[in-house]
Amino acid sequence: MSDRAGMRFQIVARTGHPAFLDLPWAEPLESWRHERMVEVARGISRHVVCFVDYRGRLYALKELPERLAQREYGMLRHLESESIPAVEVVGVVSNRGEQLDAVLITRYLDFSLPYRTLFSGRAADAPRTRLLDALAELVVRLHLGGFFWGDCSLSNALFRRDAGALAAYVVDTETSELHPELSGGQRSHDVEIMVENVTGELLDIEAESAGEYGLDSVDAPSQLRARYEQLWHELTADEVFSAKEGDRIEARIRRLNAIGYDVEEIEVVGEGDRFRLRLRPQVVEPGHHSRRLYSLTGLEVQENQARRLLNDIASYRAALARLDGGRSPQEAVAALRWRADIFDRSIAAVPLELRGKREPAEIFHEILEHRWFMSERLGSEVATDLAVADYVKNALPLVPDEQVLLDDPSGDEAA
């Protein structure tokens with residue numbers, strides 16, 4: 001409990017973050033005029049939200065009743081413990097006085113994109129069509145963990161670029177519920193809420209843009225539902241096969257690995273001369289490629305980025321083998337050489353003033369894309385260092401910064 005200059009408040013916060021003692025907690029957030037405050041592009045919120053800057057580290061502060069703040073703190077901690085993409089929750093400020101609600105503190109997600117930013121004029125090249133795929137995949141991951149979102153929408157998620165695709169992160173869990181396992185009815189209800197909310201949001205964008213983006217606010221939600229059902233079926237459906245088709249177990253696991261999931265345990269049930277393969281949702285964990293890349297290189301990246309980087313490591317390893325008379329080095333050895341000789345050197349070649357454009361793994365993915373286009377244009381393979389130099393000179397300076405999206409008072413959000 002603090003009583004600085006007449007202020008009374010209590011902060012329960014995780015270690016590794018500022019103490020936040022210099023903020024005017026005795027005042028409602030909407031009246032704050034503090035030197036640490038910054039304006040950041042954001043989605044729509046039912047509560048007052050502001051952002052503060054501590055030496056380049058941004059934090060979101062949301063004012064809401066203490067019961068809801070404590071509950072949301074616990075929900076976000078649970079998602080983190082289950083490795084489900086969500087904003088990092090930092091703490092709760094309470095006991096601010098009879099007339100003031102509590103404040104939930106979360107770490108700002110660097111390089112994140114509110115969904116409206118992906119539809120802004122300056123984001124013409126943004127992968128808008130992949131926005132709904134990312135949201136559907138996030139909801140599947142939540143449902144596998146027994147998590148009922150209750151208010152799934154584009155506004156309650158943030159998006160980050162992931163090797164040309166998008167990865168979605170949970171932002172708001174006020175209406176969420178945690179269960180040992182979700183029933184079919186609970187899942188269907190959550191999906192209905194998602195479709196209804198997203199339909200409304202797309203209609204709003206369509207009205208605001210006067211049809212500029214050609215959105216189909218009827219067809220898009222149907223695609224969202226179909227993507228959810230397709231992924232849920234792939235992860236959880238039983239599969240019947242004969243004794244001669246035992247390789248279908250490995251094939252199924254490979255398919256799951258390909259979309260970013262590991263299988264910790266399987267169940268095979270004999271039914272006469274047939275077998276039924278069952279994969280329990282609670283033992284299916286996402287992040288196969290990102291964990292594998294981390295074990296090889298120490299790089300912590302998103303799933304699609306990891307898949308792309310692993311492919312480049314494989315190509316690099318094959319090149320080393322060709323140079324050594326066909327003798328291929330061990331994968332771990334090749335991966336460490338790749339990180340030092342290819343990845344780290346490429347990122348080091350990016351000037352400091354351009355590193356806020358993309359996170360390092362996304363920059364490297366774009367370098368690989370740039371190298372491929374250069375090779376196609378020139379009709380011969382281009383070395384990585386040449387691709388890096390051309391990308392840094394001619395491509396990267398043209399894209400806007402995304403590490404922190406500052407709010408544009410003119411209404412034309414940066415992307």
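Residues numbered from 1 in each chain as written. Predicted model: local features only at pLDDT ≥ 70, side-chain atom pairs only at ≥ 80, totals over all residues. Heavy atoms only, no water.

Engineer: Can you help me understand the packing of helix H8 (residues 331-348) against helix H9 (residues 360-378) in this one?
Structural biologist: Two numbers describe a pair of packed helices, the interaxial angle and the distance between the axes. Between H8 and H9, whose axes approach to 9 Å, the crossing angle comes to 95 degrees. Judged by the angle between their axes, H8 and H9 are roughly perpendicular. Of the residues in H9, those touching H8 at Trp338, Ile342, Phe343, Ser346 and Ile347 are Pro360, Ala361, Ile363, Phe364 and Ile367. Grouping the constituent residues of the contact of H8 with H9 by class yields nine nonpolar, one polar and no charged. (Axes fitted to C-alpha atoms, helices over the stretch in contact; angles between N-to-C directions. Helix = DSSP H or I, 4+ residues; strand = E, 2+ residues; numbered from the N terminus. Parallel < 35°, antiparallel > 145°, perpendicular 65-115°, else oblique. Contact = heavy atoms within 4.5 Å. Nonpolar A, V, L, I, M, F, W, Y, C, P; charged D, E, K, R; others polar.)

Engineer: Hey, could you run me through the confidence of the model for the protein in this one?
Structural biologist: Interpretation of this model should avoid reading the predicted coordinates in detail wherever pLDDT is low. For the protein, the mean per-residue pLDDT works out to 84, and 88% of the residues sit at or above 70. Element-level pLDDT for the protein is lowest in strand E16 (residues 284-286), with a mean of 63, against a maximum mean of 96 in strand E8 (residues 147-148). Note that pLDDT drops below 50 for residues 122-126; the model gives that stretch eleven contacts with residues more than four away or on any other chain. The low-confidence segment residues 409-415 (pLDDT under 50) makes 21 contacts with residues lying over four places distant or belonging to another chain. (pLDDT = per-residue confidence, 0-100.)

Engineer: Would you take a moment to explain the packing of aromatic side chains for this structure?
Structural biologist: We describe a pair of aromatic rings using the distance from one ring centre to the other and the angle between the two ring planes. Inspection of every chain in the model, using the stated rule, returns ten aromatic pairs. When the centroid spacing of 5.3 Å and the interplanar angle of 85 degrees are considered together, the rings of phenylalanine 20 and tyrosine 54 count as edge-to-face. With phenylalanine 20 in the loop between strand E1 (10-13) and strand E2 (37-38) and tyrosine 54 in strand E3 (residues 49-54), this pair connects stretches of sequence that are 34 residues apart. Overall, the relative accessible area of 1% leaves phenylalanine 20 in the buried class. An angle of 35 degrees between the planes, with centres 5.6 Å apart, marks the rings of tryptophan 338 and phenylalanine 343 as tilted. (Phe/Tyr/Trp six-rings, centres within 6.5 Å; stacked < 30°, edge-to-face > 60°. Buried < 20%, exposed > 50% of the residue type's maximum accessible area, 1.4 Å probe, protein only.)

Engineer: For this particular structure, what's the right way to read the sheet that holds E2?
Structural biologist: Two modes of strand pairing occur in sheets, parallel and antiparallel, and in both the strands are linked by backbone hydrogen bonds. Taken together, six strands build an open sheet; the order of strands is E1-E5-E6-E4-E3-E2 and the sheet is antiparallel. Each edge of the open sheet carries a strand with a single partner, namely E1 and E2. Both strand E5 (residues 89-94) and strand E6 (residues 102-107) contribute to a ladder of four bridges, which runs antiparallel. Within E6, the residue paired with valine 93 across the bridge is valine 103. Its contacts with the sheet place helix H1 (residues 66-81) against strand E4 (57-64), E5 and E6, and it is angled at close to 165 degrees to E5. (Pairing = 2+ DSSP bridges.)

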